[in-house]
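Next come the chains, spelled out residue by residue.
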Amino acid sequence: MAEEGGRLFFRSEVLAGARRPPRPSSGRVVREAERETLVHAECDVLVVGGGPAGTAAAVAAARLGARVVLLERHNHLGGLSTGGLVIWIDRMTDWEGRLVIRGFAEEILSRLPPEAIAGPPREAWGSRDAATAAWWAQRTAAFHGIVCHAPTVCPEWLKAASLALVSEAGVDLILHALGTEPVLDGGRVSGAIFESKEGRRAVLARVTVDCTGDGDLFARAGARHHTDIDERDIHHCMNTCWLFGGVDMPRHLAWRAERPEEFSEFLRLGRERFGLLDKAFVSWRDDVALFMGPRLAGYSALKVDDLTEAELRSRRLMLDHLAFYRENAPGFEGAYLLLSAPQLGVRHARRLAGVAAVTRAGWDGRARADEVGVSPSLSPRFPNVSIPYGALVPEALDGLLAAGRHISCDPNSHSFLREIPQCWLTGQAAGAAAALAAAAGVEPRAVEIGALQAALRAQGAWLQEAVPA
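Residues numbered from 1 in each chain as written. Predicted model: local features only at pLDDT ≥ 70, side-chain atom pairs only at ≥ 80, totals over all residues. Heavy atoms only, no water.

Further remarks concern the sheet that holds strand 20 (residues 336–340). Taken in spatial order, the 4 strands of this open sheet run 17-18-16-20, and their pairing is antiparallel. Each edge of the open sheet is held by one strand with a lone partner, namely strand 17 (281–282) and strand 20. Pairing of strand 17 with strand 18 (residues 288–291) involves 2 bridges; the strand directions are antiparallel. Residue Val 282 lies in a different strand from strand 18, and its bridge partner there is Ala 289. (Pairing = 2+ DSSP bridges. Helix = DSSP H or I, 4+ residues; strand = E, 2+ residues; numbered from the N terminus.)

Another aspect to go through is a nonpolar patch on the surface. A cluster of nonpolar side chains, contributed by Tyr 336, Leu 338 and Leu 339, occupies part of the molecular surface with about 250 Å² of accessible area. Residue placement: Tyr 336 occurs in strand 20. (Patch = residues over 30% accessible without salt bridge, like charges linked within 9 Å, V, L, I, M, F, W, Y side chains within 5 Å. Areas by Shrake-Rupley, 256 points an atom, 1.4 Å probe, with all protein chains shown as cover. Salt bridge = Lys/Arg side-chain N within 4 Å of Asp/Glu carboxyl O.)

So, on to the pattern of salt bridges. Under the definition given, this model contains 31 salt bridges. Taking the shortest distance from any N to any O, the salt bridge between Arg 206 and Asp 44 comes out at 3.7 Å. Note that Arg 206 is positioned in strand 13 (residues 199–210) and Asp 44 in strand 4 (residues 38–48), a separation of 162 residues in sequence. In this structure Arg 206 comes out as partly exposed when scored by relative accessible area, which is 45%. The class for Asp 44 is buried, based on a relative accessible area of 9%. Of the charged contacts in the structure, one is a salt bridge between Glu 156 and Lys 159, with a shortest N-O distance of 2.8 Å. In this pair, Glu 156 and Lys 159 both sit in helix 4 (residues 155–169), 3 residues apart, roughly one turn of the helix. Look at Glu 156 and you get partly exposed, because its relative accessible area is 46%. (Buried < 20%, exposed > 50% of the residue type's maximum accessible area, 1.4 Å probe, protein only.)

Turning our eyes to something else, we now look at the confidence of the model for the protein. Detailed conclusions should not be drawn from predicted coordinates in areas where pLDDT is low. Here the protein shows a mean pLDDT of 93. Residues at 70 or above account for 95%. Taken together, the stretch residues 4–11 has pLDDT below 50 and engages in 21 contacts with residues farther than four places along the chain or on a different chain. (pLDDT = per-residue confidence, 0-100. Contact = heavy atoms within 4.5 Å.)

It is worth spelling out the side chain of Ser 190 at this point. Structurally, the position occupied by Ser 190 is in strand 12 (residues 188–196). Here Ser 190 falls in the buried class, since its relative accessible area comes to 15%.

Here the focus is the packing of helix 10 (residues 420–440) against helix 11 (residues 449–458). At their nearest, the axes of helix 10 and helix 11 sit 10 Å apart, and the two run at 125° to each other. Overall, the two elements helix 10 and helix 11 adopt an arrangement that is oblique. Every pair of crossing elements has a handedness; the one defined by helix 10 and helix 11 is right-handed. Residue-level inspection shows Gln 428, Ala 429, Ala 432, Ala 433 and Leu 436 of helix 10 in contact with helix 11, the latter providing Ala 451, Leu 452, Ala 455 and Leu 456. Counted by class, the contact of helix 10 with helix 11 contains 8 nonpolar, 1 polar and no charged residues. (Axes fitted to C-alpha atoms, helices over the stretch in contact; angles between N-to-C directions. Parallel < 35°, antiparallel > 145°, perpendicular 65-115°, else oblique. Left-handed = near helix turned anticlockwise from the far one by under 90°. Nonpolar A, V, L, I, M, F, W, Y, C, P; charged D, E, K, R; others polar.)

As structure tokens, then:
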């Protein structure tokens, strides 16, 4: 958890509580016979997981001429940014208003029609005008008194834009395919196994990119990884998000701003009744409210019973929130259930132990020699954070790269590296690197950094110029 002068960056509340007793083990096993697995496809680059990182990786690799297969377990692309209803796209500008997360991230948002995206106009990015910042702060687009490029988007249009970019790039997309195991050849990853309605199949690849979000492939291939968390931070919590329709968000926000004592009492009553009441977030429309919590602590994203219980608790809380908001919150009198997220919002499971890592000590503004992207920092007191290529490369495992929320970092840095724009950033970098490695016939760790950086710049990414030590 990052601290600034003894102050925690994230004060968002989390909800703990009574758990169901753990499921007892029977101690029995089922023995399976050896079997052969049909090879479904062969390619240069296999991307497992079609979330933000996976979509970006597949497009970046295909645009460099690689034959790309993209496996996705759901019926859509975009992962948590679409199916998870994490439709608030956190800061892409730094504290000076510069757009630093560019490339694929900038392009995909540019594909959305005006009615599908809401946020500050470009000329307002970086504004420190008090009134402007206060207005956008209520709309999750200003922090520390500074306006940011942090829009909210329509999830269906983001799905459509993701699919269009993948299709235009010539990616071989396979939906309803859950990547489950790496294919290992002498300790090197040479593809992955997936499960589908056709049963168990394999895809063989020169380079595989693990974009599962939970590090399923690199963990099952034996790569060292970390699971430690900071229990004070929200970065380890999970929950299902939802949308309420039929609301009047401008009226609701005005009430919160003009009658803060009433709003405080509203929150107190909700906490008294439910343990925690989540605040309504704006969406891309004034008549739709987004709820990104309550954030549930104490669950593991790697245990199926925990995933089930977190899902059930979230959906009970959704109904509780609907009744309470209708009764007590101005602007919500006519609210109705619009949509609960098809995907559970998992923030953390595993983090790769990479050749390099993004750590709190590295929030120093220096451009790493192997920089593949730049992230805004958590506070204006810190400079931008350089993302090194080594954070995508396993310490020892060959044939594989990792992108998305499970890249190599400490819990402090995971707080922002798990966000949607950073996943687009690391996905684009991994996809470009995978294509270069496949074309050159080398391992991903041997990719020439200058060539990778040139390829990323050609695809619109913003990189700093490294200063010699």
